[in-house]
Amino acid sequence: MFKNILSLGIILFVVLEINAQETPSDYLTAEFHTLRREKVREMMPTNSVLVFFANAERNRANDVDYIYHQDPDFYYLTGYKEPNAVLLIFSENQKDASGKVFNELIYVQERDPLAEQWNGKRLGVAGVKGQLGFDMVYNGSEFANLSIDFSTFDKVSFFDFKNDYRDKQGNADLFDLIKAFKIKSNYPTDYNATKQQLYKMITSTDVENSANVAQTLGRYLNNYPNLQEDELLSNFVNAPDQELRKEIKEKVLLVQKSTNLDSSIIAEIMDKLRETKTEEELKLLKKAIEISAVGQVEIMKAMHPNMSESEIQGVHEYIYKRYGAEYEGYPSIVGGGNNGCILHYIENNKTKVATDLVLMDLGAEYHGYTADVTRTIPANGTFSKEQKAIYDIVYNAQEAGIAVSVVGASFRAPGEAAIKVVADGLLKLGIIKDISEARTYFPHGTSHYLGLDVHDKGTYGDFKPNTVITVEPGIYIPEGSACDEKWWGIAVRIEDDILITEDGPINLSAMAPRTTEAIEAMMKITSPLDEFKLPGLD
Ligand code: GLY
Ligand code: MN
Ligand code: MN
């Protein structure tokens, strides 16, 4: 008997051990998500509730959807990767009818053997309790019976809906969850989160600064013509004096008091929280970045003039998969020559890169965290004189940008440092006649936060430790530009992922060579892909 139990135990152990090895074990932990929700609660105003919805499932064509990707805030707070779910976080403890105390609720997809046979396993209520560490977990269909009275809260904060979710099958998809929330929260049909934000700008300004705010609002209204119909906003923008602006502010305050629905508190909390990374996050982010840097190294070895843009893309993405990265963090950009001038070029369909400079902006996504690394290399292994001249300006601009990516510096510091170097460089080469023309050839920002999103959330305030940003200056000279045609078709971007620490910036993507000399040396090394021949097809 004992022997039988023992051997059963051994078999079970072996089975579990094999299963344990079948999937990665280095995801964010349930403790991480729990602690993040605690942090959210600490930042919430009293008597408030935050409501987060899972991302929508989006249609690709006919009955095929795009690969599902969880909303990064939802993932950050839950670890739940499936659609059709809603999370509620309360600032204070609540009590249900049976007297049970709780401060968060989650509604998730119900287990369904048929759906799981076709589309994969679901965690279900038990899985979310057991694996993600939630206490109060329900099937989505129960959300319509939620007994919470939203009208009793001072603030009910949620990200407004994007109108791209569909009513699918059953009564518990995202469409149904949002519908139930709208009924329960008295969501007005004309709710407009942007309008709310603009109202907030009005009510949080003092009279002395109101003229500046009116000017800023005027620019917003130009971009959102439907908001021009809002009398309070347009009257504030057009008010001739401070007195009138003060009167309008009082009216806006009254409107604000008339609803407890809000979309700014949730945004401010998530911006603050996600800007700086925990050790657990940094481990995954560093892995995504290193994987992407290896991709750049391997393509430097493998690149030859007969390659196509899509083959180059394929090499990067193959390497990501070899390391277990699930996705690309954004569509891969591989542009030879003039194609590199299109900042987010994703057609990648040039059949031969020949003697082009090839701009490769790619990032592996590893367990949710994405890298964003760009290298620009000569397809034939050697930079021409003109290519090198432009490349070196971008390199020096990037060095200047990285050097000022330090704790306490303004978020704008890398951009200001980089544009100065680019402007001076273009002026010296005679490509521009005045430094004011530099933006013609460097038309984008230099930095953004990096994390679960490639353009990650943050406050855009002064740099804090454990923030990861990109530093990515570029120069793009499309054919037909107003300069000597020897420069036409040269596009260079160099992008690295920089960890800001108390001890200064750390380049997490440094493994991929950046100087022209180091790139040329790397390109001389042979690649195993040189021997990878495929049969010709008609
Ligand atoms: N790959 C997108 C960006 O560099 O911002
Ligand atoms: Mn970037
Ligand atoms: Mn990029």
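Colleague: Break down the packing of aromatic side chains for me, with residues and values.
Modeller: Tallying each qualifying case throughout the model produces 23 aromatic pairs. Measuring from ring centre to ring centre gives 6.3 Å for Phe161 and Phe181, while their planes differ by 70 degrees; the resulting arrangement is edge-to-face. On the criterion of sequence distance, the pair formed by Phe161 in the loop between β7 (155-158) and α6 (174-185) and Phe181 in helix α6 is long-range, its members being 20 residues apart. Relative accessible area serves as the criterion here: at 13%, Phe161 is assigned to the buried category. We classify Phe181 as buried; its relative accessible area is 0%. A ring pair is formed by Phe411 and Tyr460, whose centres lie 4.7 Å apart and whose planes are at 75 degrees; its orientation type is edge-to-face.

Colleague: Outline the nonpolar core, listing residues and values.
Modeller: Core analysis: the largest hydrophobic core is formed by 92 residues, its most contacted members being Val40, Phe52, Met303, Ile312, Met360 and Ile475. When residues in this core are grouped by element, the largest group, 11 residues, is from helix α12 (residues 279-302). Other than its neighbours up to four places away in sequence, Phe52 contacts Asp73, Phe74, Leu77, Ala85, Val86, Leu87, Ile89, Phe159, Ile266 and Met270. In this structure, Val51, Phe143, Tyr165 and Tyr191 belong to the second largest nonpolar core, which totals 29 residues.

Colleague: Tell me about helix α15 (residues 413-428), and name the residues and values.
Modeller: The terminal C-alpha atoms of α15, which comprises 16 residues, lie 23 Å apart, in line with the 22 Å expected from a rise of 1.5 Å per residue. Along α15, the residues classified as buried are Ala413, Pro414, Gly415, Ala417, Ala418, Ile419, Val422, Ala423, Gly425 and Leu426. Positive backbone phi, approximately 80 degrees, marks Gly430, located one or two places after α15.

Colleague: Any details on the sheet that holds strand β18 (residues 496-501)? Residues and values, ideally.
Modeller: Each strand in a sheet pairs with another by means of backbone hydrogen bonds, the pair being arranged parallel or else antiparallel. With respect to topology, 3 strands assemble into an open sheet ordered β15-β18-β19, the strand pairing being antiparallel. Lying at the two open borders of the sheet, with one neighbouring strand each, are β15 (467-471) and β19 (504-507). Direction aside, the axes of adjacent strands within the sheet are offset by 35 degrees on average. Looking at chain direction, β15 and β18 are connected through 5 bridges and run antiparallel. Directly across from Thr467, in β18, lies its bridge partner Ile500. Taken strand by strand, helix α14 (residues 385-403) contacts β15, β18 and β19, and its axis lies near 160 degrees from that of β15.

Colleague: Lay out the packing of helix α7 (residues 193-203) against helix α10 (residues 242-257) in plain terms, naming residues and giving numbers.
Modeller: Close contact between α7 and α10 brings their axes to 9 Å; oriented N to C, the two are set at 130 degrees. With respect to each other, α7 and α10 are oriented oblique. Between α7 and α10 lies a crossing of left-handed hand. Contacts between α7 and α10 involve Tyr199, Lys200, Ile202 and Thr203 on the former and, on the latter, Lys249, Val252, Leu253, Val255 and Gln256.

Colleague: Residue-level account of the coordination of the manganese ion (ligand 2), with values.
Modeller: The protein atoms that coordinate the manganese ion (ligand 2) are Asp372 (OD), His448 (NE2), Glu472 (OE) and Glu495 (OE), at distances of 2.0 to 2.2 Å. Taken together, the 6 donor atoms coordinating the manganese ion (ligand 2) span angles of 50 to 156 degrees at the metal, a pattern that classifies the geometry as irregular. Donor residues for the manganese ion (ligand 2), ordered by position in the chain, follow D-x75-H-x23-E-x22-E. The distance between the manganese ion (ligand 2) and the manganese ion (ligand 3) comes to 3.3 Å, and Asp372 binds to both of them. In this pair, Asp372 sits in the loop between β13 (369-370) and β14 (373-378) while Glu495 sits in the loop between β17 (490-493) and β18, placing the two residues 123 residues apart along the sequence. Here Asp372 matches Glu495 in class, with each residue buried.

Colleague: Before we move on, could you go through the pairing of strand β1 (residues 48-53) and cite the residues and values that matter?
Modeller: A regular strand places its side chains so that they alternate between the two faces of the sheet. Of all 6 residues in β1, 6 are buried, a share of seventy percent or more. By the alternation rule, side chains of β1 split into Ser48, Leu50 and Phe52 and Val49, Val51 and Phe53, which are all buried. Direction of pairing for β1 relative to β7: parallel, over a ladder of 4 bridges. In the sheet register, Val49 faces β7, and the bridge partner there is Val156. Pairing between β1 and strand β4 (residues 86-95): 5 bridges, direction antiparallel. By the bridge assignment for β4, Val51 is matched with Leu88.

Colleague: Lay out the site of ligand 1 in plain terms, naming residues and giving numbers.
Modeller: Ligand 1 sits among Tyr330, His344, Asp361, Asp372, His448, His455, Glu472 and Glu495. In this structure, Asp372 approaches ligand 1 through a side-chain N or O atom, which is 3.1 Å from a nitrogen atom. Here an oxygen atom of ligand 1 sits 3.2 Å away from a polar atom, N or O, in the side chain of Glu495. In the complex, 93% of the free accessible area of ligand 1, which totals 200 Å², lies under the protein chains. Broken down by class, the residue content of the shell around ligand 1 amounts to 1 nonpolar, 3 polar and 4 charged.

Parameters at a glance
- Residues numbered from 1 in each chain as written.
- Chains lettered and ligands numbered in written order.
- Predicted model: local features only at pLDDT ≥ 70, side-chain atom pairs only at ≥ 80, totals over all residues.
- Heavy atoms only, no water.
- Phe/Tyr/Trp six-rings, centres within 6.5 Å; stacked < 30°, edge-to-face > 60°.
- Helix = DSSP H or I, 4+ residues; strand = E, 2+ residues; numbered from the N terminus.
- Buried < 20%, exposed > 50% of the residue type's maximum accessible area, 1.4 Å probe, protein only.
- Core = buried A, V, L, I, M, F, W, Y, C linked by side-chain atoms within 4.5 Å.
- Contact = heavy atoms within 4.5 Å.
- Expected span 1.5 Å × (residues − 1).
- Pairing = 2+ DSSP bridges.
- Axes fitted to C-alpha atoms, helices over the stretch in contact; angles between N-to-C directions.
- Parallel < 35°, antiparallel > 145°, perpendicular 65-115°, else oblique.
- Left-handed = near helix turned anticlockwise from the far one by under 90°.
- Donors = N, O, S within 2.8 Å, 3.2 Å for Na, K, Ca; no water.
- Tetrahedral: all angles 85-135°; square planar, octahedral: opposite > 155°, others 65-115°.
- Near = heavy atom within 4 Å.
- Polar contact = N/O pair within 3.5 Å; in protein donor to acceptor, adjacent residues only side chain to side chain.
- Areas by Shrake-Rupley, 256 points an atom, 1.4 Å probe, with all protein chains shown as cover.
- Nonpolar A, V, L, I, M, F, W, Y, C, P; charged D, E, K, R; others polar.

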